[in-house]
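Secondary and tertiary structure notes
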Amino acid sequence: MIRLSRILLVAALAAAAAPRLAFEHVTIDAEGPLDVWLKAVGDLNRDGRVDLIAGGVKEGGLVWYENPGWKKHIIAATGAFSTDGEVVDMDGDGGLDVVAITTRQILWFENPAWKPHLIADVEVHDLEVADLDGDGRPDIVGRNQGAFRKLGGTAVHIFRRERDSAWKQRTLEVPDGEGLLAADVDGDGDPDIILERQWLENPGDILGGRWVSHAYGAGWDYPHTFIAAGDLNGDGRLDVVLAPAERAGGSYRISWLEAPADVKAASWREHLIDAPVETVHHFVGIADFDLDGRLDVATARMHQGKNPEISVYVNLGRGAKWHKHVVAPTSSHSMRIVDVDGDGRPDLYGANWRGRGIDLWRNVAPKSAAR
């Protein structure tokens, strides 16, 4: 009896220590655009609720779903919308516009009439929108991919918005690969550019200055990645999470790279989150899903993988230990973390890159679960 009591006590303590997460699946649209490559989020009608944007590469154009109720509205009825898009006030009128990539161009659509404006005739796979030079106008960063595209991922394109609304372009040569993020790595107040094994230091003069490359992933040799960034260990510095995004059938790992005191040094320590994993994790994102004050990591595998899965890796303390919570035994691609109901819990919005289904996983874990 004593031994059984001890076993039951250990089991009870383990259950109490396990993170308590729960997600509710919501079908936003079972008949959305065909092959939903583009996903984005933002409050398009200024009602204080975050809306969902989806673009199809085959048909169905670019649409947005009004929160709540998810009524569908058309942004563009036609167009081959590719793998990325962002929501930002491009014209300074207080309304959020939509920046989208097609298979051949970067465009922005002006809210509310959704008039399209050409930014560039260029093919990219990843897109970031940020005020790179602090002039109050959004700039654009784009990069293609090396795993499939003929052009490869050897160029980072920077587009600077001028006062007359024209765009000036600069192209930086980088090693072939996939993955792009704009974030302030060095804490100097302007966004830098993060790639899968290096980050490019913003010189201020984004068109004429020197973007110095700093290595941070010495042990990471997989070129095709999805990238996220956040302070995972609570030291006030921006860490980087990398997941292998391409191709199906390969095996690698999901890791986070710890920013040292001198972020320009190459001595970023790599910490394992999960391994081995199939190289189909075309989403990784960071948020505090269990509301315990620590940043967690969400991932999704694409449908061509062997074991489709959407997961949250719960940070059990300073990024040293992780508990994997399976959100759903299904697949998704280029997901977005968004609080759709304003309850403070991060939700997950996504869709497969093939098909018409558009999905939301609402975070319904009780707030008392936070520790």
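Residues numbered from 1 in each chain as written. Predicted model: local features only at pLDDT ≥ 70, side-chain atom pairs only at ≥ 80, totals over all residues. Heavy atoms only, no water.

1. Examining the pairing of strand 2 (residues 34-42)
Heads up, the condition is: Summary of the burial criterion: residues with accessible area below 20% of their type's maximum are buried, those above 50% are exposed, and those between are partly exposed, where the area comes from a 1.4 Å probe applied to protein chains only. In this description a helix means any DSSP run of H or I spanning at least four residues, a strand means any run of E spanning at least two, and both kinds are numbered starting from the N terminus. Strands were regarded as paired on the criterion that DSSP finds at least two bridges between them.
Across the nine residues of strand 2, seven count as buried, placing the element largely inside the fold. Alignment of strand 2 against strand 3 (residues 51-59), held across seven bridges, turns out to be antiparallel. Counted as the bridge partner of Leu 34 is Glu 59 from strand 3.

2. Observations concerning the nonpolar core
Inclusion rule: Throughout, nonpolar core names a set of buried Ala, Val, Leu, Ile, Met, Phe, Trp, Tyr and Cys residues whose side chains join them through atoms within 4.5 Å.
Counting residues in each nonpolar core, the largest one holds 30 residues, and the members touching the most others are Val 241, Val 297, Val 312 and Leu 348. Put simply, the parts of the chain that give this core at least two residues each are strand 18 (225-230), strand 19 (239-244), strand 20 (251-258), strand 21 (269-278), strand 22 (284-287), strand 23 (296-300), strand 24 (310-315) and strand 25 (322-328). In terms of residue count, the dominant contributor to this core is strand 24 (four residues). Within the second largest apolar cluster, 16 residues are counted, among which are Leu 181, Trp 220, Val 240 and Leu 242.

3. Thoughts on the packing of aromatic side chains
The criterion, for reference: The rule is short: rings of Phe, Tyr and Trp, with Trp giving its six-membered ring, pair when the centres are within 6.5 Å, and they are stacked under 30 degrees, edge-to-face over 60, tilted in between.
Counted under the stated rule, the structure contains seven aromatic pairs. Where Trp 220 meets Tyr 252, the ring centres are 4.8 Å apart and the plane angle is 85 degrees; that geometry is what we call edge-to-face. With Trp 220 in the loop between strand 17 (212-215) and strand 18 and Tyr 252 in strand 20, the pair connects residues that are 32 residues apart, well separated along the chain. For Trp 220, a relative accessible area of 1% translates into the label buried. Between Tyr 222 and Tyr 252, the aromatic rings sit 5.1 Å apart at their centres with planes inclined by 35 degrees, giving tilted as the arrangement. Residue Tyr 222 is located in the loop between strand 17 and strand 18, and its partner Tyr 252 is located in strand 20; the two are separated by 30 residues in the primary sequence. Of the residues examined, Tyr 222 reaches a relative accessible area of 16% and is grouped as buried. Taking relative accessible area as the criterion, Tyr 252 reaches 13% and is therefore assigned buried. Among the aromatic residues, those joined into a ring-pair cluster are Trp 220, Tyr 222 and Tyr 252.

Note that every value here comes from positions in space, so none of it alone points to a role or purpose.
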